[in-house]
Amino acid sequence: MHHTGPPGHLAPHIPVDDYRRAQTTGQPIIIHTTTHPTARPARTYLLPLTVAGAGVIGLFGVVAAFLALLDFAAHTAMAIGGAAGPIGVGGITLKLFRAPK
(Lines give C-alpha, C1' and ligand atoms only; values in the text may rest on other atoms or scores of the structure.)
Protein backbone atom coordinates (compact mmCIF):
# COMPACT_ATOMS: atom_id res chain seq x y z
CA MET A 1 0.00 0.00 0.00
CA HIS A 2 1.38 3.36 -0.99
CA HIS A 3 0.95 6.40 1.19
CA THR A 4 0.15 9.43 -0.97
CA GLY A 5 -0.95 11.94 1.68
CA PRO A 6 1.27 14.41 3.50
CA PRO A 7 3.78 12.88 5.91
CA GLY A 8 2.73 12.59 9.52
CA HIS A 9 -0.92 11.74 8.79
CA LEU A 10 -0.51 7.97 8.67
CA ALA A 11 -1.79 5.98 11.64
CA PRO A 12 0.97 4.69 13.93
CA HIS A 13 2.05 1.09 13.57
CA ILE A 14 0.20 -1.46 15.71
CA PRO A 15 2.37 -4.43 16.71
CA VAL A 16 1.11 -7.76 15.39
CA ASP A 17 0.87 -9.31 18.88
CA ASP A 18 -1.38 -6.52 20.14
CA TYR A 19 -3.52 -6.67 16.99
CA ARG A 20 -4.05 -10.44 17.21
CA ARG A 21 -4.75 -10.26 20.95
CA ALA A 22 -7.36 -7.59 20.30
CA GLN A 23 -8.92 -9.73 17.55
CA THR A 24 -9.19 -12.81 19.76
CA THR A 25 -10.37 -11.09 22.95
CA GLY A 26 -12.41 -8.27 21.38
CA GLN A 27 -10.47 -5.78 23.43
CA PRO A 28 -10.13 -2.32 21.79
CA ILE A 29 -6.74 -1.00 20.80
CA ILE A 30 -6.00 2.43 22.22
CA ILE A 31 -3.37 4.48 20.43
CA HIS A 32 -1.69 7.33 22.27
CA THR A 33 0.36 9.74 20.24
CA THR A 34 2.65 11.88 22.31
CA THR A 35 4.80 13.38 19.59
CA HIS A 36 4.03 16.85 18.36
CA PRO A 37 4.14 17.58 14.65
CA THR A 38 7.55 18.86 13.70
CA ALA A 39 7.84 22.46 12.57
CA ARG A 40 9.49 23.39 9.31
CA PRO A 41 13.14 24.31 9.69
CA ALA A 42 14.05 27.93 9.07
CA ARG A 43 16.16 27.08 6.03
CA THR A 44 13.01 26.10 4.07
CA TYR A 45 12.00 29.75 4.13
CA LEU A 46 15.44 30.99 3.05
CA LEU A 47 15.08 30.44 -0.70
CA PRO A 48 11.68 32.19 -1.10
CA LEU A 49 12.86 35.13 1.02
CA THR A 50 16.08 35.38 -0.97
CA VAL A 51 14.20 35.39 -4.28
CA ALA A 52 11.72 37.99 -3.00
CA GLY A 53 14.54 40.19 -1.69
CA ALA A 54 16.39 39.99 -5.00
CA GLY A 55 13.19 40.91 -6.81
CA VAL A 56 12.64 43.95 -4.60
CA ILE A 57 16.23 45.12 -5.05
CA GLY A 58 15.92 44.63 -8.82
CA LEU A 59 12.67 46.61 -8.88
CA PHE A 60 14.34 49.46 -6.96
CA GLY A 61 17.13 49.43 -9.54
CA VAL A 62 14.67 49.61 -12.44
CA VAL A 63 12.81 52.52 -10.85
CA ALA A 64 16.08 54.36 -10.15
CA ALA A 65 17.25 53.85 -13.74
CA PHE A 66 13.91 55.09 -15.09
CA LEU A 67 14.05 58.22 -12.94
CA ALA A 68 17.66 58.88 -14.00
CA LEU A 69 16.60 58.52 -17.65
CA LEU A 70 13.74 61.00 -17.16
CA ASP A 71 16.11 63.45 -15.47
CA PHE A 72 18.60 63.16 -18.34
CA ALA A 73 15.83 63.65 -20.92
CA ALA A 74 14.55 66.77 -19.13
CA HIS A 75 18.03 68.29 -18.96
CA THR A 76 18.63 67.47 -22.62
CA ALA A 77 15.35 69.10 -23.65
CA MET A 78 16.21 72.20 -21.63
CA ALA A 79 19.65 72.47 -23.27
CA ILE A 80 18.32 71.99 -26.80
CA GLY A 81 15.43 74.39 -26.22
CA GLY A 82 17.69 77.04 -24.75
CA ALA A 83 20.19 76.78 -27.60
CA ALA A 84 17.61 76.73 -30.40
CA GLY A 85 15.79 79.90 -29.43
CA PRO A 86 12.40 80.63 -30.95
CA ILE A 87 10.99 78.18 -33.49
CA GLY A 88 9.08 79.65 -36.40
CA VAL A 89 6.81 77.92 -38.89
CA GLY A 90 4.92 79.91 -41.53
CA GLY A 91 5.20 83.24 -39.75
CA ILE A 92 4.13 81.89 -36.35
CA THR A 93 6.98 81.89 -33.88
CA LEU A 94 6.98 79.93 -30.67
CA LYS A 95 9.48 80.48 -27.95
CA LEU A 96 9.89 77.23 -26.05
CA PHE A 97 11.93 78.48 -23.12
CA ARG A 98 12.62 81.86 -21.61
CA ALA A 99 16.07 83.27 -22.13
CA PRO A 100 18.08 83.41 -18.91
CA LYS A 101 18.36 86.90 -17.43
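Conventions adopted
Residues numbered from 1 in each chain as written. Predicted model: local features only at pLDDT ≥ 70, side-chain atom pairs only at ≥ 80, totals over all residues. Heavy atoms only, no water. Helix = DSSP H or I, 4+ residues; strand = E, 2+ residues; numbered from the N terminus. Buried < 20%, exposed > 50% of the residue type's maximum accessible area, 1.4 Å probe, protein only. Areas by Shrake-Rupley, 256 points an atom, 1.4 Å probe, with all protein chains shown as cover. Salt bridge = Lys/Arg side-chain N within 4 Å of Asp/Glu carboxyl O. pLDDT = per-residue confidence, 0-100.

Participant: Even after reading the chapter, I still don't get the overall build of the protein, so can you show me in this structure?
Facilitator: Broken down by element type, the protein carries two helices and two strands. Ordering the α and β elements of the protein from the N terminus gives α-α-β-β. For the protein, the residues scored as buried account for 3% of the 101 residues in total. Just so you have it, the protein exposes about 9,700 Å², and 68% of that area is on carbon and sulfur atoms.

Participant: Would you mind going over the pattern of salt bridges with me for this structure?
Facilitator: Side chains that carry opposite charge are capable of pairing whenever their charged atoms lie near each other. Within this structure, the stated rule accounts for one salt bridge. A salt bridge links Arg21 to Asp18, with the shortest nitrogen-to-oxygen separation between them at 2.8 Å. Pair noted here: Arg21 and Asp18 are both in helix α1 (residues 16–25), with a separation of three residues, about one helical turn. A relative accessible area of 44% places Arg21 in the partly exposed class. Classification of Asp18 by relative accessible area gives partly exposed; the value is 31%.

Participant: Help me out: how do you make sense of the confidence of the model for the protein in this one?
Facilitator: With 65% of its residues at a pLDDT of 70 or more, the protein shows a mean pLDDT of 79. Element-level pLDDT for the protein is lowest in strand β1 (residues 87–89), with a mean of 67, against a maximum mean of 91 in helix α2 (residues 46–84).

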